[in-house]
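# Coordinates in review
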Amino acid sequence: MSLPSLRLKANADRRLRNGHLWVYSNEIDVAATPLHGFNAGDQAILEAAGGKPLGIVAMSPNNLICARLLSRDIKVALDKSLLVHRLNVALSLRERLFDKPFYRLVYGDSDLLPGLVVDRFGDILVVQIASATMEAHKDDVIAALTQVLKPSGILFKNDSAARDAEGLNRYVETVFGLVPEWVALEENGVKFEAPVIQGQKTGWFYDHRMNRARLAPYAKGKRVLDLYSYIGGWGVQAAAFGASEVFCVDASAFALDGVERNAALNGFADKMTCIEGDVFEALKELKASEERFDVIVADPPAFIKRKKDMKNGEGAYRRLNEQAMRLLNKDGILVSASCSMHLPEDDLQNSLLTSARHLDRNIQLLERGGQGPDHPVHPAIAETRYIKSITCRLLPNS
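Within each chain, residue numbers correspond to sequence positions counted from 1 in written order. Given that the model is predicted, a residue must reach a pLDDT of at least 70 before its local features are reported, and side-chain atom pairs must reach 80 or more before they are shown or counted; all residues, however, enter totals for whole chains, interfaces and linings. With hydrogens and water set aside, each side-chain value is computed from the structure's full complement of heavy atoms.

The next thing to look at is the packing of helix 2 (residues 80–97) against helix 4 (residues 138–149). Each pair of packed helices can be summarised by the angle the axes make with each other and by the distance between the axes. Axis definition: a line fitted to C-alpha atoms, over the contacting stretch in the case of helices. Angles run 0 to 180 degrees between N-to-C directions. Only runs of H or I of at least four residues qualify as helices and only runs of E of at least two qualify as strands under DSSP, and these elements are numbered from the N terminus. Close contact between helix 2 and helix 4 brings their axes to 9 Å; oriented N to C, the two are set at 45°. Between helix 2 and helix 4, the angle is such that the two are oblique. Between helix 2 and helix 4 the crossing geometry is right-handed. Note on element contacts: helix 4 touches helix 2 through Asp140, Val141, Ala143, Ala144, Leu145, Gln147, Val148 and Leu149, opposite Lys80, Leu83, Val84, Leu87, Asn88 and Leu91. In this classification, the charged set is Asp, Glu, Lys and Arg, the nonpolar set is Ala, Val, Leu, Ile, Met, Phe, Trp, Tyr, Cys and Pro, and all remaining amino acids, among them Gly, are polar. A per-class count over the contact of helix 2 with helix 4 returns 10 nonpolar, 2 polar and 2 charged. Angles below 35 degrees are treated as roughly parallel, those above 145 as roughly antiparallel, those between 65 and 115 as roughly perpendicular, and all remaining angles as oblique. Crossing handedness: left-handed means the near helix sits turned counterclockwise from the far one by under a right angle, and right-handed means the same turn made clockwise. By definition, residues are in contact when any of their heavy atoms lie within 4.5 Å.

Structure, rendered in structure tokens:
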């Protein structure tokens, strides 16, 4: 395959040589290789300023991140063969980690497959493509997945906003075999069914698996409140871990139907109470009703999607944590989580401290958690680490 060249400015290769995979548009020598000469989805040979090849990149010429490194070997372009190899490498890690086939199989850049996410639900695969280059090779993606995993069904859940920046249309489509509305999975010994077609993202959030497992010693025999419950990832597991009663709050009636479905699946329907509505309003109503809980999980959607949202987003995390703390018993446990990539963990910690002091409560930080190892962090790309989870204990001030 003969590929065009993409030339960097002088010294712009340092970050890449140190392990990073992204190329920014202001690093390109546009006099030598104009970005308008490329189409989104093209592959190119990335060159240092002196002409030395650095590898093959996937092009997004209209974006700030205008190229992502696919391979440091200029003989290895993105095709079915490379996809099969990278999928096997990714699979070997997950099979080492988990004894059952329920996990994130591919996590984009961290698995050297930028723009590709694959979640595995046994023999059903849910795929998200977020780059024009990967979209151009979607037939190769299907062929590679069927060769490596022999699934019964593959769903393309390509309805995320990330596709807009690549000029890609959004769609949800079964591209191989049959994919049911709800698919089975197991996490931490608890059975679930996830709505992969109509649900959020790929239908399930494997990223908090390890943090949910750590809920067990705190939940046993306790009254638990699960905020932004979705289909019960935290709440149903709390019931399975021995909670005496679990309240799940979500704005989506569809999600709460999933909570009831999954609670019944495990025989815990009698422990569950679902509250439909805005979480902040629900917290006020619970406070007015003088409800109290021993354990509260606050795992909201990203309040900070862009850096310009930082101030408002930090305020939202602080209000959420403070309102949750108001409902905790005097020796209560709060699990405060964030999936906002732009929120530093220290800022979440400071939010917890500020909230506790505003209520004249003492706080102990007990555990910190991140995303599970099926969401490996690329050490050169801070953006690949997005999950934060802090478990804390609220005590009286005296």
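Here we come to the packing of helix 9 (residues 279–288) against helix 10 (residues 310–325). Running from amino to carboxyl end, helix 9 crosses helix 10 at an angle of 25°, the nearest separation of the two axes being 10 Å. When the interaxial angle is binned, helix 9 and helix 10 end up roughly parallel. Note on packing geometry: the crossing formed by helix 9 with helix 10 is left-handed. Facing helix 9, whose interface residues are Val279, Phe280, Leu283 and Lys284, helix 10 presents Ala316, Arg319, Leu320, Gln323 and Ala324. In terms of residue class, the contact of helix 9 with helix 10 is made up of 6 nonpolar, 1 polar and 2 charged.

Next up on the list: helix 2. If you check helix 2, its first and last C-alpha atoms are 26 Å apart, about what 18 residues at 1.5 Å a residue would give, namely 26 Å. Per-residue accessibility, obtained with a 1.4 Å probe over protein chains only, is compared with the maximum for each type, and a residue is labelled buried under 20%, exposed over 50%, and partly exposed between these values. Taken together, the buried positions of helix 2 are occupied by Leu82, Leu83, Val84, Arg86, Leu87, Ala90, Leu91 and Arg94. Close packing links the buried residues of helix 2 with strand 5 (65–71), strand 6 (102–107), strand 7 (116–121), helix 3 (132–136) and helix 4. Definition of a polar contact: a pair of N or O atoms within 3.5 Å, with one able to donate and the other able to accept a hydrogen when the atoms are protein atoms, and with sequence-neighbouring residues admitted only if both atoms are side-chain atoms. For helix 2, the side-chain oxygen to backbone nitrogen distance between the N-cap and Ser81 is 3.1 Å, and the N-cap itself is Asp79. In a helix, the anticipated span is given by 1.5 Å times the number of residues less one.

What follows deals with the UniProt feature "domain: RlmI-like PUA" (unreviewed entry) in the protein chain. When the UniProt feature table is mapped onto this chain, "domain: RlmI-like PUA" (unreviewed entry) is found at residues 6–72. A distance of 14 Å separates the end C-alpha atoms of residues 6–72, which is 6% helix and 36% strand. UniProt positions are given in the numbering used here, feature names are shortened, and annotations may be inferred rather than shown by experiment.

For two strands to be treated as a pair, DSSP must find at least two bridges joining them. Strands sit in the order 1-3-4-5-2 across an open sheet of 5 strands; the sheet is mixed. What marks the edges here is a single partner per strand, and that holds for strand 1 (5–7) and strand 2 (22–24). Going from strand to strand, the sheet's axes swing by 40° on average, the running direction of each strand aside.

Two rings belonging to Phe, Tyr or Trp (six-membered ring only in the last case) form a pair when the distance between their centres is within 6.5 Å. Interplanar angles under 30 degrees mark stacking, angles over 60 mark edge-to-face geometry, and anything in between is tilted. A full pass over the atoms with the stated rule returns 9 aromatic pairs. Plain terms: the ring middles of Tyr107 and Tyr386 are 6.4 Å apart, the flat faces sit at 40° to each other, and that makes the pair tilted. Note that Tyr107 is positioned in strand 6 and Tyr386 in the loop between strand 18 (361–369) and strand 19 (388–396), a separation of 279 residues in sequence. As far as the burial class goes, Tyr107 and Tyr386 line up, both buried. Grouped by ring-pair contacts, the aromatic residues Tyr228, Phe303 and Tyr317 constitute a single cluster. Sitting over the face of the ring of Trp22, Arg68 holds its NZ or CZ atom 4.6 Å from the ring centroid. By definition, being over a ring means that NZ of Lys or CZ of Arg is both within 6 Å of the ring centre and within 35 degrees of the ring normal. Arg261 extends its terminal NZ or CZ atom over the ring of Trp182, reaching a point 4.2 Å from the ring centre.

Before going further, it helps to examine the environment of Arg261. By the element assignment, Arg261 lies in helix 8 (residues 253–265). Exposure remark for Arg261: the relative accessible area of 37% places this residue in the partly exposed category.

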